[in-house]
Amino acid sequence: MFGQEVENVVTRLCASQKLERDRAVADLTLKIKSFSPELIESLQKALLNIVSDSSSPWESKHGSLLGLRVLVLAAKLDVESQLQLDVRHASVKLLTDQEVRVRQAAGEVLGSLCENDEGATYASCRSHVLDLVRCNLEREMTDDEASRNEHETTRQLMEKLSAGTRERRNSADAAQIFHDTAGWRNLETSMKCLEHMIAGTGQNFIPYIDQDLLTLIFKALSHTNRFVRETGFSVCAALVSCGAYEGAELLETNPLFLYGDQLSRHLGQGLADNWSQVRLAALVATRKFLMSLPPTARERFFPVLLPRLCLNRYYAAEGVRLYAQETWRQVAGSEGKALVEKYIDPVVSYYIDATRADNHAVREAACACIAELALKIAVDAVRAHVPDLLHALTICFNDDSWPVRDAACVACGNFILCFPEESQGTMADLYPLFFNNLQDNITSVRQGAAIAIANVVRAYGKDVLPMIIEKMQEGLKGVEDQPSEIEKYGDLESGPAMYGVVKRKRDNDMDLHSNKQMYSCGSLAPKMGRGGGGCTECKFRRPPQLWERADGCVFLISEIAGVSGTTEEVIKCLPLLAEAVQHKHYTGHVTLLETLCKTLPLLGKGLGKRVFKSHLRLFLDAIFYALECENALTSSAASQCLTQLSQFLGPNILRGRVEEHNPSYLKALDANSFTAPL
């Protein structure tokens, strides 16, 4: 009766292309409301025949399972009907199919069955699903075709890895590769099946939450495979959702509250995982766990979860960072500062531990969080922990990862500004580190050091200003001794016109770019570890150049100009600054000019309009040279510098100063103001 219509739906669901199968599922979801019960039953039988046939292609099984899921949710079959039982049996059997997409779809069907029968499917399949998870966790060989095929594939892989052991330097890693790759195939999909069944059962799952189930899930949370850990935390998220708090009278009987200490401890481990995907999954579970409890009951778990939530607000991965920030807003509301002060001991302890983490992104986030303690938390709450926090930051100052060095430097500056007396004893160790960062290879590290040193001046005033000014003057004078790279690349005449030629020859210099250590910007391997831990041969820093030291001093002079009481000392350094940017005999001079153009408006605001106007002429040649430079970043910085100076001083005043100094610059000035063509 419905033969043609059933055939059309089944044909589309069993298409070889995924796009066609997805479209068929979407169409079935829309049209099923208009199907008669007889047509739905015919469809179910046809799809069930396909998934029950071992000779069916995996694409047909996959599409049929997706179709069955739609039918189960829409038709609301009788729990005890034979068709329901047949669908359940076929789906359980396909949990060990060789194709991962079939296994995933089978888990989704079981989840929909649990939603339809309020957990009767889970009660029936519970032992099988949990045993499947347990056997894979313990690497037991299950008696099915997929596991036998996997075992044979793994054996062949091990033979290849073990072949030629004497010739392979790292062949000893073959066993570790096996450990990390083999035997987990069914585990992840079995865990996903458990997640779907928990979510489908909902609150009816609460009676099934016991110590045995939690122990099994907790074992997956510490698994060596990151995908298994991620899936384990997704299971936890489903678990805490079904046990959401509904009233104070039910709280003491809520299994999630009873086992909350164990759960929070494992969630804390996930929030500190090295893999961002695992952290995000743990964050999702943590938010659901805390929000499922009344506010008064949450604080029991804050000593473990609160510090980790705080740190993840600064984590490098954007998804983790944003989700943690939103979680913090939902959990803490407007009481975030008060909560940190209340639990300051575990917060500080975790931050210090995080500065010693293997993951450089965690160390960077820890430094940012420590800086936040100095800026936002009550002084009396933090004061007792200042020595320990400064010691941790001092260690991070020597990190091989430059973002960590930068974050540690800025954090130290904030601490010194907020706690000058407590920091006094550490300054002897910090001064060399500050000035070392001021000449770092990375521009943002030099800028961060300048900000930190300016905070030192704010904290200690004239007691340290002469020493810092002397260091700054030495750095600016040192540019004239910067070795020229032109001599290395042939007999070229020195001068501005030769910069592009020298750069091209330098970029093609094989000695500079061959047989060098390569670094990964995202790897969490030991080479990204901290100095002294992990690979001691992998250093991210080369010896600083003199122009880089001067570049840091340019940042520093603009920062110090904003500190009250330093105007006279800064003015004495302006001629040295102007002279330093006139040297153009080295390739990096365009970067120094770029920094000058970026910092001049800030310098002007620090000195004040009246004082700055009288010294502007010192820098006009450098600005207009940079404006016409072929380096796009330097030219853009010069253009923005002129625009900001025009707004700061007034366009007529700036034009008058330029005309007085060199009238030939007026054409470029007008072009930059969009009043004349270039």
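**Some words on the confidence of the model for the protein chain**
For step 1, the next point in the chain: Considering every residue of the protein chain, the mean pLDDT works out to 83; 81% of them sit at 70 or more.
For step 2, the next point in the chain: A low-confidence stretch, residues 164-172 stays under pLDDT 50, and its non-local contacts, those more than four residues away or across chains, total four contacts.
For step 3, the next point in the chain: pLDDT under 50 marks residues 178-183. Its contacts with residues more than four places away, or in other chains, come to 15 contacts.

**Notes on the nonpolar core**
For step 1, the next point in the chain: Ranked by size, the top nonpolar core spans 205 residues in total, and within it Phe415 and Phe434 carry the most contacts.
For step 2, the next point in the chain: The dominant element in this core, judged by the number of residues it contributes, is helix α22 (residues 360-376), at 10 residues.
For step 3, the next point in the chain: Setting aside its immediate chain neighbours within four residues, Phe415 contacts Ile370, Ala374, Val382, Val386, Leu389, Leu390, Leu393, Pro420 and Ser423.

**Focus on the packing of aromatic side chains**
For step 1, the next point in the chain: With the rule as written, the count across this model stands at 10 aromatic pairs.
For step 2, the next point in the chain: Seen from their ring centres, Phe205 and Tyr208 are 5.6 Å apart, and the 50° between their planes marks the pair as tilted. Across the pair, Tyr208 and Phe205 agree in class, each one buried.
For step 3, the next point in the chain: Grouped by ring-pair contacts, the aromatic residues Tyr122, Phe205 and Tyr208 constitute a single cluster.
For step 4, the next point in the chain: Residue placement shows Arg287 over the ring face of Tyr323; its charged tip is 3.8 Å from the ring centre.

**Remarks on the environment of His223**
For step 1, the next point in the chain: Residue position: His223 is located in the loop between α11 (211-221) and α12 (226-242).
For step 2, the next point in the chain: Taking C-alpha positions, His223 is 8.1 Å from Leu137, a pair spaced 86 residues apart along the chain.
For step 3, the next point in the chain: One polar contact links the side chain of His223 to the main-chain amide nitrogen of Asn225, over a distance of 3.0 Å.

**Topic: the pattern of salt bridges**
For step 1, the next point in the chain: Throughout the structure, instances matching the rule amount to 25 salt bridges.
For step 2, the next point in the chain: Across the pair Asp353 and Arg356 runs a salt bridge whose closest N-O atoms are separated by 2.8 Å.
For step 3, the next point in the chain: Classification of Asp353 by relative accessible area gives partly exposed; the value is 41%.
For step 4, the next point in the chain: On the accessibility criterion, Arg356 (47% relative accessible area) is partly exposed.
For step 5, the next point in the chain: By sharing partners, the salt bridges in this structure join Arg313, Glu372 and Lys376 into a single network.

**Details of the packing of helix α15 (residues 260-271) against helix α16 (residues 276-291)**
For step 1, the next point in the chain: Packing of α15 against α16 brings their axes to within 8 Å, and their N-to-C directions diverge by 150°. Classified by the interaxial angle, the pair formed by α15 and α16 is roughly antiparallel. Helix-helix and strand crossings are classified by hand; for α15 and α16 the assignment is left-handed. Only Val278, Arg279, Ala282, Leu283, Ala285, Thr286 and Phe289 of α16 make contact with α15, whose side of the interface consists of Gly260, Leu263, Ser264, Leu267, Gly270 and Leu271.
For step 2, the next point in the chain: Taken together, the residues of the contact of α15 with α16 sort by class into eight nonpolar, four polar and one charged.

**Re helix α24 (residues 386-396)**
For step 1, the next point in the chain: Within α24 the residues assigned to the buried category are Val386, Leu389, Leu390, Ala392, Leu393, Thr394 and Cys396.
For step 2, the next point in the chain: Elements in contact with the buried residues of α24: α21 (344-354), α22, α23 (379-382), α25 (402-418), α26 (420-423) and α27 (427-437).

**Description of the environment of Glu20**
For step 1, the next point in the chain: With respect to the element layout, Glu20 can be found in helix α2 (residues 18-31).
For step 2, the next point in the chain: Sequence-wise, Glu20 and Gly63 are 43 residues apart; in three dimensions their C-alpha atoms are separated by 9.5 Å.
For step 3, the next point in the chain: The contact partners of Glu20, leaving out residues within four places of it in the chain, are Arg12 and Ala15.

**Here we look at the packing of helix α4 (residues 58-75) against helix α6 (residues 100-117)**
For step 1, the next point in the chain: At a minimum axis distance of 9 Å, the contact between α4 and α6 shows a crossing angle of 15°. Classified by the angle between their axes, α4 and α6 sit roughly parallel to one another. The hand of the α4/α6 crossing is left-handed. Note on element contacts: α6 touches α4 through Arg101, Val102, Ala105, Ala106, Glu108, Val109, Ser112, Leu113, Glu115 and Asn116, opposite Trp58, Lys61, His62, Leu65, Leu66, Arg69, Val72 and Leu73.
For step 2, the next point in the chain: Split by residue class, the contact of α4 with α6 holds 10 nonpolar, three polar and five charged.

Reading guide: rules and limits
- Residues numbered from 1 in each chain as written.
- Predicted model: local features only at pLDDT ≥ 70, side-chain atom pairs only at ≥ 80, totals over all residues.
- Heavy atoms only, no water.
- pLDDT = per-residue confidence, 0-100.
- Contact = heavy atoms within 4.5 Å.
- Core = buried A, V, L, I, M, F, W, Y, C linked by side-chain atoms within 4.5 Å.
- Buried < 20%, exposed > 50% of the residue type's maximum accessible area, 1.4 Å probe, protein only.
- Helix = DSSP H or I, 4+ residues; strand = E, 2+ residues; numbered from the N terminus.
- Phe/Tyr/Trp six-rings, centres within 6.5 Å; stacked < 30°, edge-to-face > 60°.
- Lys NZ or Arg CZ within 6 Å of the ring centre and 35° of its normal.
- Polar contact = N/O pair within 3.5 Å; in protein donor to acceptor, adjacent residues only side chain to side chain.
- Salt bridge = Lys/Arg side-chain N within 4 Å of Asp/Glu carboxyl O.
- Axes fitted to C-alpha atoms, helices over the stretch in contact; angles between N-to-C directions.
- Parallel < 35°, antiparallel > 145°, perpendicular 65-115°, else oblique.
- Left-handed = near helix turned anticlockwise from the far one by under 90°.
- Nonpolar A, V, L, I, M, F, W, Y, C, P; charged D, E, K, R; others polar.

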